[in-house]
Amino acid sequence: MYNSFKITAIIATACAMSFVGAGVAHAIDVQVNASVNMKAVISATAGQDMNFGNVNFEPNHSGEIRLATNGSVQLGGGASGLTLDGGSPTAGDVTISGDGQSNIEISCESNGVLGSNGSGTLNLQDVQFSVDSGRSYGAATNCSGLSSPAAVLDLASNNAPKLFFGGALNVSGNAISASDQYSTANAGGDPVTVRVVYQ
């Protein structure tokens, strides 16, 4: 009889606890925040092309025709058989805009190729640039390839930096094959690529 009552009491207690627990609601709220960092798309607009002006050449010639980022042209590299003859030499330029607050990395190819309307080509080398104003040849920043940023610019201090480009045409070994206009836009040409990315 004792054992029977004890078992009955345990069952009754368990049922009562189950009933009480089933009638109590328990809930908790948690908030999940969301954020996104918006940046204006970088814009890079090419303006003037690099223009080395007019150059007269003799059958036997060598050296370099150098264009500075300030637009001046000079002969170098032991130049011979070459004469500068005016024209309208100008540095190339690219204007950049972005979010007005971030840093951007500038990288650029150090070489290019100018093709002629015939079959000749001229190698463009030692490409360099300066920011917002031109500099003399050799005093600007050297381009070192698209995988190696050459400069970091702060758009918070200058939201629309302008890059000026120059370089050197290597005409050694009588590279000029004919009286013609040589350009990276001609067949066989290869322009200089400039890359701008947020840091």
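Residues numbered from 1 in each chain as written. Predicted model: local features only at pLDDT ≥ 70, side-chain atom pairs only at ≥ 80, totals over all residues. Heavy atoms only, no water.

Colleague: Lay out the overall build of the protein with the relevant residues and their values.
Modeller: In terms of regular secondary structure, the protein is built from 1 helix and 11 strands. In sequence order, the secondary structure elements of the protein are arranged as α-β-β-β-β-β-β-β-β-β-β-β. For the protein, with 199 residues in total, the buried portion stands at 28%. For the protein, contacts bridging at least 24 residues in sequence account for 74% of all contacts bridging at least 6. Carbon together with sulfur atoms contributes 50% to the accessible area of the protein, which is approximately 11800 Å² in total. (Helix = DSSP H or I, 4+ residues; strand = E, 2+ residues; numbered from the N terminus. Buried < 20%, exposed > 50% of the residue type's maximum accessible area, 1.4 Å probe, protein only. Contact = heavy atoms within 4.5 Å. Areas by Shrake-Rupley, 256 points an atom, 1.4 Å probe, with all protein chains shown as cover.)

Colleague: So, the state of the cysteines: which residues are in play, and what are the values?
Modeller: Scanning the model with the defined rule gives 1 disulfide in all. Each disulfide pairs two cysteine sulfurs, and for Cys-108 the partner residue is Cys-143, the sulfurs being separated by 2.0 Å. In this structure, the disulfide formed by Cys-108 and Cys-143 twists by about -90 degrees around the S-S bond and is classed as left-handed. Taken as a pair, Cys-108 in strand 5 (residues 103–108) and Cys-143 in the loop between strand 8 (141–142) and strand 9 (151–154) lie far apart in primary sequence, 35 residues in all. Cys-143 shares its class with Cys-108; the two are buried. (Disulfide = S-S within 2.5 Å.)

Colleague: Tell me about the packing of aromatic side chains, residues and numbers included.
Modeller: Per the counting criterion, the structure on display carries 1 aromatic pair. Ring geometry for Phe-129 and Phe-165: centres 5.7 Å apart, planes at 35 degrees, overall tilted. Of this pair, Phe-129 sits in strand 7 (residues 121–131) while Phe-165 sits in strand 10 (residues 162–170), placing them 36 residues apart in sequence. Pair check on accessibility: Phe-129 and Phe-165 agree, each one buried. (Phe/Tyr/Trp six-rings, centres within 6.5 Å; stacked < 30°, edge-to-face > 60°.)

Colleague: Which residues make up the nonpolar core, and what values go with them?
Modeller: Ranked by size, the top nonpolar core spans 25 residues in total, and within it Ile-96, Ile-104, Ile-106, Phe-129, Leu-163 and Phe-165 carry the most contacts. Counting only elements with at least two residues in this core, the list comes to strand 2 (55–67), strand 4 (92–97), strand 5, strand 7, strand 9 and strand 10. Among the elements that line this core, the one with the most residues is strand 7, at 4 residues. Those residues within four positions of Ile-106 in sequence are excluded, and the remaining contacts are Ile-96, Phe-129, Pro-149, Ala-150, Ala-151, Leu-153, Leu-163, Val-194, Arg-195 and Val-196. (Core = buried A, V, L, I, M, F, W, Y, C linked by side-chain atoms within 4.5 Å.)

Colleague: Just give me the short version of the side chain of Asp-99, but keep the residues and values in it.
Modeller: Mapped onto the secondary structure, Asp-99 falls in the loop between strand 4 and strand 5. At 3.0 Å, the side chain of Asp-99 and the backbone nitrogen of Gln-101 are in polar contact. With near-sequence residues (within four places) excluded, Asp-99 lies in contact with Lys-39, Ala-40, Leu-155, Asn-159 and Tyr-198. (Polar contact = N/O pair within 3.5 Å; in protein donor to acceptor, adjacent residues only side chain to side chain.)

Colleague: Go over the layout of surface pockets, please, and point to the residues and values.
Modeller: Any empty space left between the atoms is revealed when a probe the size of a water molecule rolls over them. Size it by volume and the largest pocket reaches roughly 950 Å³. In terms of lining residues, the largest pocket is bounded by 34 residues, among which Met-50, Asn-51, Phe-52, Leu-114 and Tyr-182 are the most central. Within the residue set of the lining of the largest pocket, elements represented by two or more residues are strand 1 (43–46), strand 2, strand 4, strand 7, strand 10 and strand 11 (194–198). A breakdown of the residues in the lining of the largest pocket according to their chemical character gives 20 nonpolar, 11 polar and 3 charged. (1 Å grid on protein atoms, 1.4 Å probe; cavity = no way out; pocket = protein on both sides within 12 Å on 5 of 7 lines; lining within 4 Å. Points joined across faces, edges and corners; volume = space filled by probe spheres on them. Nonpolar A, V, L, I, M, F, W, Y, C, P; charged D, E, K, R; others polar.)

Colleague: Give a description of unusual backbone geometry that names residues and reports values.
Modeller: Positive phi values are uncommon outside glycine, yet Asp-132 reaches one of about 70 degrees. In this structure, Asp-132 sits in the loop between strand 7 and strand 8. For Asp-132, a relative accessible area of 41% gives the class partly exposed.

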